[in-house]
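The chain contents come next:
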Amino acid sequence: MIGLDHRVERWVVDHRAEPFDTIFVALSHIGSYGIVWLTLAVLAVVLLRRPVVFPLVVTAYFGSAAVSDVIKLSVDRSRPVDHPLVSEPTTHSFPSGHATTSFACAATLAPFVSRHAVPVLYVLAAAIAYSRVYVGVHYPLDVLGGAALGLLFATALRRLPAVLRRSRPAQRAG
């Protein structure tokens with residue numbers, strides 16, 4: 001499986017060309033630091049009048065990034081090192097932080113937007129995640145693992161209020 005992972009990454013990098021270089025470098029940059037997701041969250045607050053969206057997306061971004069960083073430390077997978085189009089990150093490769101945070105934020109935003117906008121969120125998350133393979137700083141399995149982790153984190157975040165309500169001790173009347 002790892003051999004196939006390396007061969008797919010190598011194939012993608014060996015077949016890079018303009019205008020895709022510019023597009024995927026830009027996607028990689030807008031995925032950095034949650035820029036695109038925090039901007040979309042602000043737009044949801046302003047345009048959709050859903051103030052709860054911003055703190056949820058901030059939690060999804062920073063929480064999933066933290067979980068991803070902890071896993072990176074324990075997995076300790078080296079990154080591809082041959083001619084990246086962006087500066088090479090100093091952290092380990094698995095899972096992709098961009099994929100983790102993008103899918104966590106897309107899944108957190110999804111319940112608050114129209115059903116027609118939901119696929120756009122996931123396509124954006126997938127494009128940002130794929131950009132990390134394209135620019136040469138991740139392997140495909142890093143991205144797939146990050147996407148799964150992000151969706152898992154968003155699901156847990158969505159269920160957290162119900163879990164907290166159930167775990168409160170019953171209040172006595174009187």
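Notes on the structure in this doc start here. Bear in mind that the values here come from a model prediction, so they are computed numbers and not experimental data.

Definitions and cut-offs
- Residues numbered from 1 in each chain as written.
- Predicted model: local features only at pLDDT ≥ 70, side-chain atom pairs only at ≥ 80, totals over all residues.
- Heavy atoms only, no water.
- Helix = DSSP H or I, 4+ residues; strand = E, 2+ residues; numbered from the N terminus.
- Axes fitted to C-alpha atoms, helices over the stretch in contact; angles between N-to-C directions.
- Parallel < 35°, antiparallel > 145°, perpendicular 65-115°, else oblique.
- Contact = heavy atoms within 4.5 Å.
- Nonpolar A, V, L, I, M, F, W, Y, C, P; charged D, E, K, R; others polar.
- Patch = residues over 30% accessible without salt bridge, like charges linked within 9 Å, V, L, I, M, F, W, Y side chains within 5 Å.
- Areas by Shrake-Rupley, 256 points an atom, 1.4 Å probe, with all protein chains shown as cover.
- Salt bridge = Lys/Arg side-chain N within 4 Å of Asp/Glu carboxyl O.

### Points about the environment of L4
Mapped onto the secondary structure, L4 falls in helix α1 (residues 2-14). Put simply, L4 and L141 are 137 residues apart on the chain and 9.6 Å apart in space, counted from C-alpha to C-alpha.

### Quick word on the packing of α1 against helix α6 (residues 118-134)
Running from N to C, α1 and α6 cross one another at 85 degrees; their axes reach a closest spacing of 9 Å. In terms of axis orientation, α1 runs roughly perpendicular to α6. Packed against α1, whose contacting residues are E9, V12 and V13, the element α6 presents Y130, V133 and Y134 at the interface. When grouped by side-chain class, the residues that make up the contact of α1 with α6 number five nonpolar, no polar and one charged.

### Focus: a nonpolar patch on the surface
A contiguous nonpolar patch, built from V42, L43, V46, L47, L48 and F54 and spanning about 530 Å² of accessible area, is present on the exposed surface. It is helix α3 (residues 35-48) that provides the largest number of residues to the nonpolar patch, a total of five residues.

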